Amino acid sequence: MNKLILALRILLGVLLVVFGSNKFIGYLPDFEFENPDAGVLFGAFAGSYILKTVGIIEVLVEFLLLTNKAIPFALVLLAPISVNIILFHATLDSANIGPGVLVFLIHSFLIFKFWDNYKILF
């Protein structure tokens with residue numbers, strides 16, 4: 001089970017560094033949104049501080065996951081981003097939901113595996 005958790009941490013870290021650093025460098029092609037409202041919302045995010053902040057958090061979480069430091073804290077930091085990725089794609093851009101679902105599922109599984117660390121919050 002420890003090897004599975006390590007593999008999922010690495011996979012999640014790789015996804016986060018790819019998509020997080022893309023918010024600064026822009027090496028991935030832009031998504032073609034099927035819904036014009038998705039393009040408007042994403043454009044508004046890109047024109048403000050929001051995408052840069054999300055990118056910083058994603059890269060920070062990636063660093064924590066890959067260095068095995070403060071994993072429960074990293075997963076808490078990622079929670080609002082993970083939920084919003086799913087909500088954005090589920091409501092406005094279902095064609096591009098694949099990577100978001102993968103991030104959400106891995107994130108949820110890791111929270112489940114580290115649940116003892118969160119019991120005090122609930």
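See the structure printed just above.
Bear in mind that the values here come from a model prediction, so they are computed numbers and not experimental data.

Caption draft 1: Main features of the packing of helix H3 (residues 50-66) against helix H4 (residues 71-92). With their axes 9 Å apart at the nearest point, H3 and H4 run at an angle of 140 degrees to one another. Classed by the angle they form, the pair H3 and H4 counts as oblique. In the crossing of H3 with H4, the sense of the turn from one axis to the other is left-handed. For the pair H3 and H4, contact is made by Val54, Ile57, Glu58, Leu60, Val61, Leu64 and Leu65 and by Ile71, Phe73, Ala74, Leu75, Leu77, Leu78, Ile81 and Ile85, respectively. Taken together, the residues of the contact of H3 with H4 break down into 14 nonpolar, no polar and 1 charged.

Caption draft 2: Highlighting the side chain of serine 21. Here serine 21 shows up in helix H1 (residues 2-25). Reaching out from serine 21, the side chain makes a polar contact with the side chain of tyrosine 27 at a distance of 2.8 Å. Setting aside residues up to four positions removed in sequence, serine 21 forms contacts with Leu16, Gly26, Tyr27 and Val59.

Caption draft 3: Up close: the layout of surface pockets. Looking at the largest pocket, its volume works out to about 980 Å³. Looking at the largest pocket, it is lined by 33 residues, and the ones nearest its centre are Lys23, Phe42, Leu51, Val54 and Ile85. When residues of the lining of the largest pocket are traced back to their parent elements, those giving at least two are H1, helix H2 (36-46), H3, H4 and helix H5 (98-113). Class assignment of the residues belonging to the lining of the largest pocket gives a composition of 22 nonpolar, 7 polar and 4 charged.

Caption draft 4: Quick peek at the nonpolar core. Ranked by internal contacts, the top residues of the largest apolar core, which has 19 residues, are Leu12, Leu65, Leu75, Leu110 and Phe114. Within the residue set of this core, elements represented by two or more residues are H1, H3, H4 and H5. In this structure, phenylalanine 114 is in contact with Ile5, Ile71, Pro72 and Leu75, ignoring residues within four places of it in sequence.

Conventions used here
Residues take numbers from 1 onward in each chain, read along the sequence in its written order. Since the coordinates come from a predicted model, pLDDT governs what is reported: local features require at least 70, and pairs of side-chain atoms require 80 or more to be given and counted, while whole-chain, interface and lining totals use all residues. Excluding hydrogens and water, the side-chain figures rest on all heavy atoms present in the structure. Lines fitted to the C-alpha atoms define the axes, with helices restricted to the stretch that makes contact. Angles between their N-to-C directions range from 0 to 180 degrees. Strands here are runs of E lasting at least two residues and helices are runs of H or I lasting at least four, both read from the DSSP assignment and numbered beginning at the N terminus. Small angles under 35 degrees read as roughly parallel and large ones over 145 as roughly antiparallel, with 65 to 115 read as roughly perpendicular and the rest as oblique. Crossing handedness is read from the near helix: turned anticlockwise from the far helix by less than a right angle, it gives a left-handed crossing, and turned clockwise, a right-handed one. Here, residues are in contact when the closest pair of their heavy atoms is within 4.5 Å. For this classification, Asp, Glu, Lys and Arg are treated as charged, while Ala, Val, Leu, Ile, Met, Phe, Trp, Tyr, Cys and Pro are nonpolar and the rest, including Gly, are polar. Under the rule applied, a polar contact is a pair of N or O atoms within 3.5 Å (in protein, one hydrogen donor and one hydrogen acceptor; residues adjacent in sequence only if both atoms are side-chain atoms). Using a grid of 1 Å spacing that covers the protein atoms alone, one calls a set of points a cavity when a 1.4 Å probe fits there but cannot get out, and a pocket when the set is open and has protein on both sides within 12 Å along at least five of seven lines; lining residues are those with an atom within 4 Å of a point. Grid points are joined across faces, edges and corners, and a volume is the space filled by probe spheres set on the points. The definition of a nonpolar core used throughout is a set of buried Ala, Val, Leu, Ile, Met, Phe, Trp, Tyr and Cys residues joined through side-chain atoms within 4.5 Å. Note on exposure labels: buried denotes an accessible area under 20% of the residue type's maximum, exposed denotes more than 50%, and partly exposed covers the range between, all computed with a 1.4 Å probe on protein chains only.

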